[in-house]
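# Commentary on secondary and tertiary structure
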Amino acid sequence: MGRNAMRYGRPALRVRGHGNGAGRPATGVGDSTIGLPRGLIVLLGLAGAVVAVAGLRIFAEILAPVLLALMLTVTASPLGTWLIRRGAPAWVAAAALVGTVYLVLATLGVALAASITRLLALLPQYQSQLADLRADASRALTGLGVDAQRAGDLTGPIQSGAVTDLVQGLLGGLLATASNAFFLLAVLLFLCLDAVSFPARLSRAALQRPEVVGALRSFAGGTRRYLLVSTIFGIIVAVTDTLVLWALDIPLPLLWGLLSFITNYIPNIGFVVGLVPPALLGLLEGGAQLMTTVIGLYCVVNFVIQSVIQPKVVGDAVGLSATASFLSLVFWTWVLGPLGALLAIPLSLLTKGLLVDIDPRTRWIDSLICAGPAGDRRRVARAPVTEPR
């Protein structure tokens, strides 16, 4: 058959096995290969990745709340497991799990909404400061050779109405997500109900698919470690920022401390987002000197903690290098929008678990994208298979 195939110019497909000598395919996964060029396999894989990413972007409005609900459920699920081990009924564990997650979300939502409402009430007090700032900026541009009309157009956004409209638009955007919030709460309800019995189902599935279950448990453990580390650092940063802003007499220090806590879950550049509002208020309250002081103190505290210390600790905890964490932030924000920035590390851990950890033939990629010794990572990935959570 091989000679006939070559006679007509068609290469024969060869199946290579492990030692059976008869050309029959072996039974192990990955033991048989089809004679496709490696470059073609890579090209087909890239094409499939492009299609998958395009699908994720199309359904981002649905996928982002679902993935957020999954992350919250994975984080809180040890509570249900602990109650089951203490002899609590399944419905009590499920109710406690749902109530805990709902309480955390409600607390953050109410605190954020109340703080933004106070900010809206505070902005009209800065009308005169904004007018002076606009006049100074226009004179500075004119002194640099910009004509008066062009300078007026460039400084037009510097006015009380524009800032108020911006904050109101932000608040309107938060309220517009109320419909998604109902969807998020519904998904959370069903995921929390299933999470109570999910460890037992994983243990049964591990008997036949240990690699798959090990990858899922590795993702769950990495997500919990990441959120634990980020929460601890977030509390430290929030308390420090609040005290600094209170000492500088910046309005609404609790709001900006809460914002620092939330943006701490954004890898590497989260502190920049939390810096902008207090820096602007410092400019309006005390001029350029106070704004410079706020920026300097934020950079000393937040940059050192969030961009130097925390990425190293997070990398050691979850097994992702600093470069992989930053690229994860860029990629998932582009795919899923603002929620993608908050979910960047957990989603990268899930992707790594499903595409790398699940297959022994692809684990060499782990050495390229992860931090820490490869042997330690393999032990972490395999241990949960025999130690169900």
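From a predicted model like this one, the values you see are computed outputs, not experimental measurements. (Residues numbered from 1 in each chain as written. Predicted model: local features only at pLDDT ≥ 70, side-chain atom pairs only at ≥ 80, totals over all residues. Heavy atoms only, no water.)

If you tally the helices and strands in the protein, you get 17 helices and zero strands. For the protein, restricting intrachain contacts to residue pairs at least 6 apart in sequence, the fraction spanning at least 24 positions comes to 69%. Counting only carbon and sulfur atoms, one obtains 70% of the accessible surface of the protein, whose full area is about 22,200 Å². (Helix = DSSP H or I, 4+ residues; strand = E, 2+ residues; numbered from the N terminus. Contact = heavy atoms within 4.5 Å. Areas by Shrake-Rupley, 256 points an atom, 1.4 Å probe, with all protein chains shown as cover.)

The subject of this paragraph is empty space enclosed by the protein. In the structure shown here, the tally under the stated rule is two cavities of 30 Å³ or more. Taken as a whole, the second largest cavity holds about 50 Å³ of empty space. Taken together, Leu 67, Leu 70, Met 71, Phe 219, Leu 343, Pro 346, Leu 347 and Leu 350 form the lining of the second largest cavity. Taken together, the elements giving at least two residues each to the lining of the second largest cavity come down to helix H3 (60-85) and helix H15 (344-357). (1 Å grid on protein atoms, 1.4 Å probe; cavity = no way out; pocket = protein on both sides within 12 Å on 5 of 7 lines; lining within 4 Å. Points joined across faces, edges and corners; volume = space filled by probe spheres on them.)

Let us look at the environment of Ala 324. Topologically, Ala 324 is positioned in helix H13 (residues 322-336). Taking the relative accessible area as the measure of exposure, Ala 324 reaches 16% and is therefore buried. Once the C-alpha coordinates of Ala 324 and Ser 348 are considered, the two residues, 24 residues apart in sequence, prove to be 8.7 Å apart. (Buried < 20%, exposed > 50% of the residue type's maximum accessible area, 1.4 Å probe, protein only.)

Our next topic: H13. Every α-helix winds through 3.6 residues per turn, so residues three or four apart in the chain are directed the same way. For H13, built from 15 residues, the straight-helix expectation of 21 Å at 1.5 Å per residue is met to within 8% by its first-to-last C-alpha distance of 21 Å. Of the positions making up H13, those classed as buried are Ala 324, Ser 325, Ser 328, Leu 329, Trp 332, Val 335 and Leu 336. Take H13 and look down its axis: the buried residues cluster within an arc of 150 degrees, on one side only. The exposed set on the far side of H13, more than 90 degrees from its buried face, consists of Thr 323 and Leu 327. Where H13 terminates, the next one or two residues include Gly 337, which has phi positive at roughly 90 degrees. (Expected span 1.5 Å × (residues − 1). Arc of directions from axis to C-beta.)

Once that is clear, we can look at the packing of H3 against helix H10 (residues 210-247). What describes two packed helices is the angle between their axes and the distance between those same axes. H10 packs onto H3 with a crossing angle of 90 degrees between their chain directions and a minimal axis gap of 9 Å. When the interaxial angle is binned, H3 and H10 end up roughly perpendicular. Along its contact with H3, which presents Met 71, Val 74, Thr 75, Ser 77 and Pro 78, the element H10 presents Phe 219, Ala 220, Thr 223, Arg 224 and Leu 227. (Axes fitted to C-alpha atoms, helices over the stretch in contact; angles between N-to-C directions. Parallel < 35°, antiparallel > 145°, perpendicular 65-115°, else oblique.)

Moving on, we get to the packing of aromatic side chains. Per the stated rule, a full pass over the model turns up three aromatic pairs. With a centroid separation of 5.6 Å and an interplanar angle of 90 degrees, the aromatic rings of Phe 261 and Tyr 265 are classed as edge-to-face. Pair check on accessibility: Phe 261 and Tyr 265 agree, each one buried. With centroids separated by 5.0 Å and ring planes inclined at 75 degrees, the aromatic side chains of Phe 331 and Trp 332 adopt a geometry described as edge-to-face. Given the relative accessible area of 32%, Phe 331 is considered partly exposed. Judged by its relative accessible area of 9%, Trp 332 falls in the buried class. In this structure an aromatic cluster arises from ring pairing among Phe 331, Trp 332 and Trp 334. (Phe/Tyr/Trp six-rings, centres within 6.5 Å; stacked < 30°, edge-to-face > 60°.)

Attention shifts here to helix H9 (residues 198-206). Within H9, burial applies to Pro 199, Leu 202 and Ala 206. Down the axis of H9, the buried set is contained in an arc of 55 degrees. They therefore lie on one face.

The next thing to look at is the packing of H9 against H10. Put simply, H9 and H10 touch, their axes get as near as 8 Å, and they point 145 degrees apart. Of H10, the residues touching H9 (which contributes Pro 199, Leu 202, Ser 203, Ala 205 and Ala 206) are Pro 210, Val 213, Leu 216 and Arg 217. Considered class by class, the residues forming the contact of H9 with H10 number seven nonpolar, one polar and one charged. (Nonpolar A, V, L, I, M, F, W, Y, C, P; charged D, E, K, R; others polar.)

Next up on the list: the nonpolar core. One broad trend across soluble globular proteins is that nonpolar side chains are buried collectively. Ranked by size, the top nonpolar core spans 46 residues in total, and within it Tyr 226, Val 318 and Leu 336 carry the most contacts. Of all elements in the fold, only H3, helix H4 (90-122), helix H8 (178-195), H10, helix H12 (270-318), H13 and H15 reach the threshold of two or more residues within this core. Each residue touching Val 318, except ones within four places of it in the same chain, is listed here: Gly 222, Tyr 226, Ile 345 and Leu 349. Counting residues in each nonpolar core, the second largest holds 15 residues, with Leu 122, Leu 245, Leu 259 and Leu 281 among its members. (Core = buried A, V, L, I, M, F, W, Y, C linked by side-chain atoms within 4.5 Å.)

Moving on, we get to the side chain of Ser 328. Tracing the chain through its elements places Ser 328 in helix H13. Sequence-distant contacts of Ser 328, that is, excluding residues within four places in its chain, are made with Ala 344 and Ser 348.

Another aspect to go through is the side chain of Ser 260. Counting through the fold element by element, Ser 260 comes out in helix H11 (residues 253-263). If sequence neighbours within four positions are ignored, Ser 260 has contacts with Val 237, Ala 238, Asp 241, Tyr 298 and Asn 302.

On to the confidence of the model for the protein, then. On average, residues of the protein score 74 in pLDDT, and 72% of them reach the 70 mark or higher. Across residues 374-389, confidence stays below pLDDT 50; counting only partners more than four residues off in sequence or on other chains, it has 22 contacts. (pLDDT = per-residue confidence, 0-100.)

Let us now look at the environment of Thr 323. Structurally, Thr 323 is set in helix H13. A relative accessible area of 54% means that Thr 323 is categorised as exposed.

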